[in-house]
Amino acid sequence: QVQLVESGGGLVQAGGSLRLSCAASVTFFSINAMGWYRQAPGKQRDLVASITRGGGTNYADSVKGRFTISRDIAKNTVYLQMNSLKPEDTAVYYCNSRIGSYEYWGQGTQVTVSS
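Per chain, residue numbering runs from 1 following the sequence as it is written. Side-chain atom pairs in this predicted model are given and counted only at pLDDT of 80 or more, local residue features only at pLDDT of at least 70, and totals for whole chains, interfaces and linings cover all residues. Based on all heavy atoms of the structure, the side-chain values leave hydrogens and waters out of the count.

1. A short note on the state of the cysteines
Formally: Note that a disulfide, as used here, is simply two cysteine sulfur atoms within 2.5 Å. Helix numbering and strand numbering both begin at the N terminus, where a helix is a DSSP run of H or I of at least 4 residues and a strand a DSSP run of E of at least 2. Exposure classes here rest on a 1.4 Å probe applied to the protein chains alone. A residue is buried below 20% of its type maximum, exposed above 50%, and partly exposed in between.
By the definition in use, this model includes one disulfide. Through a disulfide, C22 is tied to C95; the S-S separation comes to 2.0 Å. Taking the sign of the S-S torsion, -80° for the link of C22 and C95, the bridge is left-handed. Of this pair, C22 sits in strand β3 (residues 18-24) while C95 sits in strand β9 (residues 91-99), and the two are 73 residues apart along the sequence. Taking the relative accessible area as the measure of exposure, C22 reaches 0% and is therefore buried.

In structure tokens form, the structure reads like this:
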């Protein structure tokens, strides 16, 4: 069982920045990919950004140029740096990891961007 512990959400004004962290209970070398998803009220959960074991990254079009996903292998932690935040970025953000055919989720952290 993989545990993912998220932190860093909160309330910020439009144009501001937040950094989310996700600490995994296993080493990165056993994980195929990690990512961040978000879910706004009444909407589906969508991919925001992901990073593979090899370091390749992928971003949703809506966050390209504003968000950056990165990792600290020594700490088994993935980060999501969010800049130039917009009200439409408001959602619960979930950390995700994939190991083989298994998928694991964090508990979610609320990000609220006020206009």
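2. Topic: the sheet that holds strand β7 (residues 67-72)
How we decide: Pairing between strands is defined by DSSP: at least two bridges between them are needed. Angles shown run from 0 to 180 degrees and are taken between the N-to-C directions of axes, each axis being a line fitted to C-alpha atoms and, for helices, limited to the stretch in contact.
The antiparallel open sheet is built from four strands, whose spatial order is β1-β3-β8-β7. Every interior strand has two partners, whereas the edge strands, β1 (4-7) and β7, have only one. Here the strands of the sheet are splayed against their neighbours by 15° on average, with no regard to which way each runs. Relative to β3, β1 runs antiparallel, the two being bridged by four bridges.

3. Points about the side chain of S50
Basically, it comes down to this: We call two residues in contact whenever any of their non-hydrogen atoms come within 4.5 Å of each other.
Residue position: S50 is located in strand β5 (residues 46-52). Residue S50 is classed as buried on the basis of its relative accessible area of 14%. Sequence-distant contacts of S50, defined by excluding residues within four places in its chain, comprise M34, G35, G56, T57, N58 and I69.

4. Section: the packing of aromatic side chains
Here is the rule: Under the pairing criterion, centres of Phe, Tyr and Trp rings, with the six-membered ring standing for Trp, must be within 6.5 Å; the plane angle then separates stacked pairs below 30 degrees from edge-to-face pairs above 60, leaving the rest tilted.
The tally for this structure, following the rule as stated, stands at two aromatic pairs. With centroids separated by 5.0 Å and ring planes inclined at 70°, the aromatic side chains of Y37 and W105 adopt a geometry described as edge-to-face. A residue pair is termed long-range when its members are at least 10 positions apart, and Y37 in strand β4 (residues 33-39) and W105 in strand β10 (residues 102-105) qualify at 68 residues. The class for Y37 is buried, based on a relative accessible area of 17%. Summarising the aromatic geometry, the rings of Y94 and W105 are spaced 6.4 Å apart at their centres and angled 85° between planes, so their arrangement reads as edge-to-face. Taken as a pair, Y94 in strand β9 and W105 in strand β10 lie far apart in primary sequence, eleven residues in all.

5. What to know about the pairing of β3
In terms of burial, β3 is a largely internal element, five of the seven residues being buried. Sheet topology places β3 next to strand β8 (residues 77-82); six bridges connect them, and they run antiparallel. Of the residues in β8, the one forming a bridge with S21 is Y79.

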